[in-house]
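# Descriptive analysis of the structure
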Amino acid sequence: MSYELLSVVPWGRSLKEYKAMFKLTNEDIKKEIASFGDGPASFNSEMNKLKNNVTSFDPIYGFTKEQILNRIIETKEIVMKQTEENKENFIWTTIKNLEELEKMRMEAMYNFIDDFEKGKVEKRYITHELPNKTIFHDKHFDIGLSSHFLLLYSNLGLDFHIKSIDEMLRICNEVRIFPILDLNADESSLLKPIIEKYNKSYVVEIEKTNYIFQKDGDKMLTIRRIP
Ligand SMILES: C[S@@+](CC[C@H](N)C(=O)[O-])C[C@H]1O[C@@H](n2cnc3c(N)ncnc32)[C@H](O)[C@@H]1O
């Protein structure tokens with residue numbers, strides 16, 4: 001496999017956070033959802049327990065449960081140290097402090113780890129690297145999500161992003177990307193060219209969401225088919 005686990009810093013969010021980040025309504029969560037770059041988030045596992053349908057895509061699903069768990073344990077301290085060093089870039093209201101952050105993230109990731117092998121058999125976790133084509137037919141899903149992947153890693157470039165979003169829009173009726181910031185917490189330089197590209201054939205909006213953690217990190221990009 002060309003994808004290197006050593007290049008990944010696994011960090012996973014929960015269903016409650018996904019609902020806030022993507023403004024997922026009670027109606028939305030009953031829809032067919034595809035979630036890209038989902039990594040060790042517990043979104044899929046928690047949604048599955050509520051009998052909702054999420055298919056998660058990520059290259060790390062090609063590794064074993066043990067390999068992913070080891071990598072989580074290996075990198076946890078690094079991420080927590082980086083967050084501590086940049087504490088002033090976050091709003092400590094919903095998440096009160098570093099201890100609560102670590103507890104929340106570890107709970108979410110252990111939830112994922114417990115569900116991973118069952119979810120792989122049930123084809124809820126699909127080993128897939130954007131911008132490659134997926135196995136799904138056109139408009140198979142209602143909503144396609146990207147949390148903390150597209151726009152954030154702006155160094156992947158515009159071409160990578162356009163090809164990735166094209167594939168997401170091929171299989172999903174709409175795409176939601178959160179946040180719209182890059183790794184330096186600045187507005188992603190790819191945001192404007194992406195809006196310009198999709199504005200012509202889709203309804204493109206930036207929406208304020210209910211997620212409060214990273215300063216200025218409360219907005220998502222939505223790209224919807226024109227009804
Ligand atoms: C910061 S994590 C976000 C995890 C999760 N979405 C969340 O918000 O909790 C970014 C994820 O993107 C995945 N990733 C990296 N390159 C990718 C690619 N080319 N296609 C899809 N996912 C990718 C990584 O493996 C990692 O799990």
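Residues numbered from 1 in each chain as written. Predicted model: local features only at pLDDT ≥ 70, side-chain atom pairs only at ≥ 80, totals over all residues. Heavy atoms only, no water.

Under the annotation held in an unreviewed UniProt entry, the chain carries the name SAM-dependent methyltransferase and is attributed to Clostridium chromiireducens.

### Some thoughts on a nonpolar patch on the surface
Together, Tyr153, Leu156 and Leu183 line one region of the surface with nonpolar side chains, adding up to about 270 Å² of accessible area. The residue Tyr153 is located in the loop between strand 4 (141–147) and helix 5 (158–171) in this model. (Patch = residues over 30% accessible without salt bridge, like charges linked within 9 Å, V, L, I, M, F, W, Y side chains within 5 Å. Areas by Shrake-Rupley, 256 points an atom, 1.4 Å probe, with all protein chains shown as cover. Salt bridge = Lys/Arg side-chain N within 4 Å of Asp/Glu carboxyl O. Helix = DSSP H or I, 4+ residues; strand = E, 2+ residues; numbered from the N terminus.)

### Describing the nonpolar core
Residues Phe22, Phe43, Ile68 and Leu145 are the most contacted members of the largest nonpolar core, which totals 37 residues. Among the elements of the structure, helix 1 (15–21), helix 2 (43–49), helix 3 (65–85), helix 4 (98–121) and strand 4 are those that each provide at least two residues to this core. Those residues in contact with Leu145 that sit more than four places away from it in its chain are Tyr18, Phe22, Leu24, Ile33, Ala34, Ser35, Phe36, Phe43, Met168 and Arg176. Counting residues in hydrophobic clusters, the runner-up holds 29 residues, among them Ala34, Ile126, Val204 and Leu221. (Core = buried A, V, L, I, M, F, W, Y, C linked by side-chain atoms within 4.5 Å. Buried < 20%, exposed > 50% of the residue type's maximum accessible area, 1.4 Å probe, protein only. Contact = heavy atoms within 4.5 Å.)

### Some details on the site of the ligand
As a structural note, the neighbourhood of the ligand is formed by 20 residues, with Arg13, Gly37, Asp58, Leu130 and Ser147 the closest of them. At 2.9 Å, a side-chain N or O of Tyr18 approaches a nitrogen atom of the ligand. At 2.8 Å, a backbone N or O of Leu130 approaches a nitrogen atom of the ligand. Summarising the interface, the protein chains cover 93% of the accessible area of the ligand, which totals 600 Å² for the free molecule. (Near = heavy atom within 4 Å. Polar contact = N/O pair within 3.5 Å; in protein donor to acceptor, adjacent residues only side chain to side chain.)

### Details of the packing of aromatic side chains
This model, assessed by the stated rule, comprises 20 aromatic pairs. Residues Phe136 and Phe141 carry aromatic rings whose centres are separated by 5.0 Å and whose planes lie at 65 degrees to one another, so their mutual orientation is edge-to-face. Assessed through its relative accessible area of 0%, Phe141 is described here as buried. Between Tyr198 and Tyr202, the ring centres sit 5.9 Å apart and the planes meet at 65 degrees, which makes this aromatic pair edge-to-face. Across the pair, Tyr202 and Tyr198 agree in class, each one buried. Taken together, the ring pairs in this structure connect Tyr18, Phe22, Phe43, Phe178 and Tyr211 into an aromatic cluster. A cation over a ring is seen here: Lys197 above Tyr198, with NZ or CZ 5.6 Å from the ring centre. (Phe/Tyr/Trp six-rings, centres within 6.5 Å; stacked < 30°, edge-to-face > 60°. Lys NZ or Arg CZ within 6 Å of the ring centre and 35° of its normal.)

### Some details on the packing of helix 3 against helix 4
With their axes 11 Å apart at the nearest point, helix 3 and helix 4 run at an angle of 165 degrees to one another. The angle between helix 3 and helix 4 places the two elements in the roughly antiparallel class. Both helix 3 and helix 4 take part in a crossing whose hand is right-handed. Residue-level contacts link Lys65, Ile68, Leu69, Ile72, Ile73, Lys76, Met80, Thr83 and Glu84 of helix 3 to Leu98, Leu101, Glu102, Met106, Met109, Tyr110, Phe112, Ile113, Phe116 and Glu117 of helix 4. Per-class residue counts for the contact of helix 3 with helix 4 are 13 nonpolar, one polar and five charged. (Axes fitted to C-alpha atoms, helices over the stretch in contact; angles between N-to-C directions. Parallel < 35°, antiparallel > 145°, perpendicular 65-115°, else oblique. Left-handed = near helix turned anticlockwise from the far one by under 90°. Nonpolar A, V, L, I, M, F, W, Y, C, P; charged D, E, K, R; others polar.)

### Re helix 3
With 21 residues, helix 3 should cover 30 Å at 1.5 Å per step; its first-to-last C-alpha distance of 30 Å lies within 8% of that length. The set of residues buried in helix 3 consists of Ile68, Arg71, Ile72, Thr75, Lys76, Val79, Met80 and Thr83. (Expected span 1.5 Å × (residues − 1).)

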